[in-house]
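Remarks on the overall topology
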Amino acid sequence: MSDINKPAHQKELFGHPIGLYVLFFTEMWERFSYYGMRALLVLYMTAKTMQANGQSGLGWLEGEALALYGWYTMLVYLMSIPGGFIADRYIGQKKSVLIGAILLTAGHGVLAIDAIWAYFTGLGLVILGVGMLKPNISTMVGGLYKQNDIRRDKGFSVFYVGINLGSFLASLSVGLVAKFYGWHAGFGLAGIGMLLGLIVYIYGQRYLVHVGNEPTLEDKSNDISIATLMSQLLKSPIHLGIVGLIIAYAIYAGFTYAGADNWGYTALYIVIALVTGIMMMIYKNLNGQVEKDRYVVLLLSLLIVIVFWGCFEQMGGLMNLYAEQKTNRDLFGWEVPSAWFQSANPGFIILFAVFVANIWAKRKLKGKEAGSLFKMATGVIIMGVGFVYMVFASMEYEANGSSAMYWLVLAYLFHTIGELCLSPVSLSFFTKLAPARYMALMMGVYWAATGLGNKVAGVIGENASKAGELNIFGGLFIFAVTFGILVILLMKPLKRLTHGAEDKETIIHHDETEGFELSNH
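In this report, we go over the structure that sits alongside the text. For clarity, every value in this text was computed on a predicted model and none was experimentally measured.

We now examine empty space enclosed by the protein. Across all of its chains, the model carries six cavities of 30 Å³ or more by this definition. Taken as a whole, the largest cavity holds about 180 Å³ of empty space. Put simply, the parts of the chain that give the lining of the largest cavity at least two residues each are helix H1 (18-46), helix H5 (151-181), helix H11 (288-312), helix H13 (344-365), helix H15 (405-433) and helix H16 (439-462). When residues in the lining of the largest cavity are grouped by element, the largest group, four residues, is from H5. In terms of residue class, the lining of the largest cavity is built from eight nonpolar, seven polar and five charged.

Judged by side-chain polarity, Ile113, Ile116, Trp117 and Phe120 come together as a nonpolar surface patch covering roughly 410 Å² of accessible area. When you line up the elements, Phe120 lands in helix H4 (residues 116-143).

This part takes up the pattern of salt bridges. Taken as a whole and assessed by the stated rule, the structure comprises six salt bridges. Of the charged contacts, one joins Arg329 and Glu335 as a salt bridge, the two residues approaching to 3.6 Å between their closest N and O atoms. Among the residues examined, Arg329 registers a relative accessible area of 8% and is labelled buried. Overall, Glu335 belongs to the partly exposed group, its relative accessible area being 43%. Several salt bridges share partner residues, and in doing so they unite Glu324, Arg329 and Glu335 into one network.

Next up on the list: the packing of H1 against helix H3 (residues 80-111). The interhelical angle for the contact between H1 and H3, taken along N-to-C directions, is 30°, at an axis separation of 11 Å. Crossing hand, H1 versus H3: left-handed. Within the contact between the two elements, H1 uses Glu30, Ser33, Tyr34 and Met37 and H3 uses Leu104, His108 and Leu111. Its residues assigned to classes, the contact of H1 with H3 shows four nonpolar, two polar and one charged.

In a regular helix each residue adds 1.5 Å, so 17 residues correspond to 24 Å; helix H2 (residues 62-78) covers 24 Å between its end C-alpha atoms and thus fits that length. Burial analysis of H2 places 12 of its 17 residues in the buried class, the great majority of the element.

Quick notes on the rules
- Residues numbered from 1 in each chain as written.
- Predicted model: local features only at pLDDT ≥ 70, side-chain atom pairs only at ≥ 80, totals over all residues.
- Heavy atoms only, no water.
- 1 Å grid on protein atoms, 1.4 Å probe; cavity = no way out; pocket = protein on both sides within 12 Å on 5 of 7 lines; lining within 4 Å.
- Points joined across faces, edges and corners; volume = space filled by probe spheres on them.
- Helix = DSSP H or I, 4+ residues; strand = E, 2+ residues; numbered from the N terminus.
- Nonpolar A, V, L, I, M, F, W, Y, C, P; charged D, E, K, R; others polar.
- Patch = residues over 30% accessible without salt bridge, like charges linked within 9 Å, V, L, I, M, F, W, Y side chains within 5 Å.
- Areas by Shrake-Rupley, 256 points an atom, 1.4 Å probe, with all protein chains shown as cover.
- Salt bridge = Lys/Arg side-chain N within 4 Å of Asp/Glu carboxyl O.
- Buried < 20%, exposed > 50% of the residue type's maximum accessible area, 1.4 Å probe, protein only.
- Axes fitted to C-alpha atoms, helices over the stretch in contact; angles between N-to-C directions.
- Left-handed = near helix turned anticlockwise from the far one by under 90°.
- Contact = heavy atoms within 4.5 Å.
- Expected span 1.5 Å × (residues − 1).

Structural measurements only, silent on function.
Encoded structure:
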């Protein structure tokens, strides 16, 4: 049957379902709003006045700002767990994404109001909105392709370009608007971007009728609810004991940690304890050794994700402040807005995404190692090497009182190449290994791991004033490279545990009468 006569949701464009491009543009505008606001967040909190327009920032200390930045960027992803569960159990991914887009539009709109209550209210709405949208839109991308369809990795790479196109446009435009018209004008522009994303998503529903729908009674009967998992946990003394130890430490942290957010850490550790309990019970409920072995590899991939983002997210915090305060930003007599440096990462992704993908494809054709775990470990190493340039920048600052812009650009280049090796691949790898009946919940756990990495990044940034930026950047380089090498050394036994999850992949097209058909090209 020709593609032109197929129903809208079965049509393809450039070899992929048209629904991919609907999700591409929805996510592009969502990331425009999120990264546009993120580029301003730490700068706004630490600024006292803005010279171009006199509009005040919050005037917070750097440690305070980086601490809130860490909590905020963690929570936007941690909320993916309830967001994934609500979709998986009750309303489906499609409605969850719609609700998330509405909450995000409202949140960014409120941030445009120049008042402290609006600032915290807006951040809260954005946290809830990302929690509903982020895990579920990624699940929908995976749902466009049948199991073992080799186009899945390419689909996620296309989707990832949309993420970074939105980020690139936001870092330039939102940063410029904030510089000349004020912080809240910048936040308002981010809100307009999210509104456009909402419109695109509503318009493109006819291309998404077969993915992200409400769970059927059969789906629910095959699903085990969080309440059931927790009930099973209460009947398992060993697993319950592990959770109890973490909760005991959480309470200890509340009484002994210094700072105003000591009880925030208590809440965080309790959440980690409950997630740990749920993850252990999921393992216990898996069917057969193959599912259990793949689940173990999946958990290791979460650790890789936490390590990567714990290092990488210095970009929006510590490195953002470094660009503002310690970098000579003079360019032909004009001072480059510090927020513009946030555009280097998505800009490099747009430039090098295909190049990096082709390198891995050529390796695979030559019979060399090109599995997802190897790519992820390589990404951590390359990202770690990027901190060498921040070490050089710190040495130049200590010697001259400022450092050149090219050190930041080089660091962002290596961070970007590392991200291209890890981030889109880890998303796709996760959908291959996660048990189908827990897919949305596990995608929530994936984004929660990303959020935990963000919090780790915030903690590292907070301690920069004590340890010194030179030591922080040097330590991140050594740790990331060592960790990546360790994963590569464990590659063979880990690949055996995946039981060929990435083997025998081919191109599979959707067909109206057969459901799915194989393609020979």
